[in-house]
Amino acid sequence: MTVALGISWKSSIKTWINASLEQGHSVESIIESLTDDGLDKEAATSAVHALLRGEMPNTSSYEYDPNPVLPDRIIHAHDRAIHALLRVEQPQLILFDNVLSGDECDQIIEMSKSRLQPSATIDPATGLFEQAENRASESCTFWLSENPLIDVVDRRISALMNCPLENGEGLQVVRYRTGGQYLHHFDFFPPNDPGSIAHLTDGGQRTATLIVYLNDVEAGGGTSFSKPGISFTPRKGQAVYFRYFNNLGQLDPATEHAGLPVGAGEKWIINKWMRRYPISR
Ligand SMILES: O=C(O)CCC(=O)C(=O)O
Ligand SMILES: [Fe+2]
């Protein structure tokens, strides 16, 4: 016999699903366990998907809970002491100095050149990657800890963001040529887009981003946050952190941002996206 799960599904089931995702169990295996326990498949699937989207509807205003990033002036991140130069509380934004050395920036640019492909964005309906109209750049992704340098950078960023290594997507390197830009957008998967579920099922929602600047840009190319009205100038080795998913499962609308048009020369960055749960690899 199977039972249907009402809208207010028991919080113990929710806690159990959350713990299972945190332990790295796959969505399919969790749904299977729930159906083995007598839930109907559709109810089990929608319960897991509801949790993946975030427990709280975004009708109430975003609550700024404590940032997992340490509040210190200098953070000892894996192998490097990193200075926090500027902190904004609403939205939660931090500018860090010297996250990568000049030499590390140059090496990552060199390693990426032969791998770049035109950047894609996610189709809201299907979840498939499509040719980006709002994003004029090329990019490539490294596997987590793909080589010794990428491994050190992945570990350093994980320590800096105070988020487990396994919750991190592989480093994405982006090159914008003169005129290249990324129009205003959010980094999280829009919870109500049907296409988001395919991405949420492995790792859950994105929680925070670190953008590392790999070069000094000749002109333009800042990262602009329109709600607080702040823009960051690319500076080789520096990084901007922002967090948009809190412990209530809300998403911060004030983290909308853009990569401004590059006025002259090229702009190279790394994107590191952290997820709520470990990603299977
Ligand atoms: O280029 C930038 O400064 C921002 C890039 C960005 O927001 C992204 O790739 O998601
Ligand atoms: Fe972004």
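Just above sits the structure.
For clarity, every value in this text was computed on a predicted model and none was experimentally measured.

Criteria and thresholds
- Residues numbered from 1 in each chain as written.
- Chains lettered and ligands numbered in written order.
- Predicted model: local features only at pLDDT ≥ 70, side-chain atom pairs only at ≥ 80, totals over all residues.
- Heavy atoms only, no water.
- Patch = residues over 30% accessible without salt bridge, like charges linked within 9 Å, V, L, I, M, F, W, Y side chains within 5 Å.
- Areas by Shrake-Rupley, 256 points an atom, 1.4 Å probe, with all protein chains shown as cover.
- Salt bridge = Lys/Arg side-chain N within 4 Å of Asp/Glu carboxyl O.
- Lys, Arg positive; Asp, Glu negative; His and termini not counted.
- Charge placed at Lys NZ, Arg CZ, Asp CG, Glu CD.
- Helix = DSSP H or I, 4+ residues; strand = E, 2+ residues; numbered from the N terminus.
- Buried < 20%, exposed > 50% of the residue type's maximum accessible area, 1.4 Å probe, protein only.
- Pairing = 2+ DSSP bridges.
- Axes fitted to C-alpha atoms, helices over the stretch in contact; angles between N-to-C directions.
- Parallel < 35°, antiparallel > 145°, perpendicular 65-115°, else oblique.
- Left-handed = near helix turned anticlockwise from the far one by under 90°.
- Contact = heavy atoms within 4.5 Å.
- Near = heavy atom within 4 Å.
- Polar contact = N/O pair within 3.5 Å; in protein donor to acceptor, adjacent residues only side chain to side chain.
- Nonpolar A, V, L, I, M, F, W, Y, C, P; charged D, E, K, R; others polar.
- Donors = N, O, S within 2.8 Å, 3.2 Å for Na, K, Ca; no water.

Participant: Now, about a negative patch on the surface: what can you tell me, with residues and values included?
Facilitator: On the surface, a cluster of negative charge is contributed by Glu-28, Glu-32, Asp-36 and Asp-37. With respect to the helices, strands and loops of the structure, Asp-36 is situated in helix α2 (residues 27-36).

Participant: Break down the pairing of strand β3 (residues 92-97) for me, with residues and values.
Facilitator: Across the six residues of β3, five count as buried, placing the element largely inside the fold. Where strand β2 (residues 80-88) and β3 come together, five bridges link them in antiparallel fashion. By the bridge assignment for β3, Leu-86 is matched with Leu-95. Linking β2 back to β3 in an antiparallel pair, the connection comprises three residues.

Participant: Help me get a handle on the packing of helix α4 (residues 102-113) against helix α5 (residues 148-161), residues and values and all.
Facilitator: For the pair α4 and α5, interaxial distance at closest approach is 11 Å and the crossing angle is 120°. One element, α4, and the other, α5, form an angle in the oblique class. For α4 against α5, the interelement crossing comes out left-handed. Listed contacts from α5 to Glu-104, Gln-107, Ile-108 and Met-111 of α4 are Leu-149, Ile-150, Val-153 and Arg-156.

Participant: Could you give an account of the site of ligand 1, with specific residues and numbers?
Facilitator: Neighbouring ligand 1 are 13 residues, the closest being Tyr-176, Thr-223, His-257, Lys-267 and Asn-271. His-257 is positioned with one of its side-chain polar atoms (N or O) 2.9 Å from an oxygen atom of ligand 1. Within the side chain of Asn-271, a nitrogen or oxygen atom sits 2.8 Å from an oxygen atom of ligand 1. Calculation on ligand 1 without its partners gives an accessible area of 290 Å², and the protein chains cover 99% of this total. Elements with a minimum of two residues in the shell around ligand 1: β9 (182-185), β15 (257-259) and β17 (267-275). It is β17 that contributes the most residues to the shell around ligand 1, four residues altogether. Residues of the shell around ligand 1, tallied by class, amount to five nonpolar, five polar and three charged.

Participant: Any details on the pattern of salt bridges? Residues and values, ideally.
Facilitator: A full pass over the atoms with the stated rule returns 16 salt bridges. Asp-79 is the salt-bridge partner of Arg-156, the closest N and O atoms lying 2.8 Å from each other. Of the two residues, Arg-156 is situated in helix α5 and Asp-79 in the loop between β1 (74-77) and β2; the sequence distance between them amounts to 77 residues. For Arg-156, a relative accessible area of 1% corresponds to the buried category.

Participant: Before we move on, can you summarise the coordination of the iron ion (ligand 2) with the specific residues and values?
Facilitator: Bound to the iron ion (ligand 2) are the protein donor atoms His-185 (NE2), Asp-187 (OD) and His-257 (NE2), situated 2.0 to 2.1 Å from the metal. The motif formed by the donor residues of the iron ion (ligand 2), counted along the single chain, is H-x1-D-x69-H. The residues His-185 and Asp-187 share a single accessibility class, namely buried.

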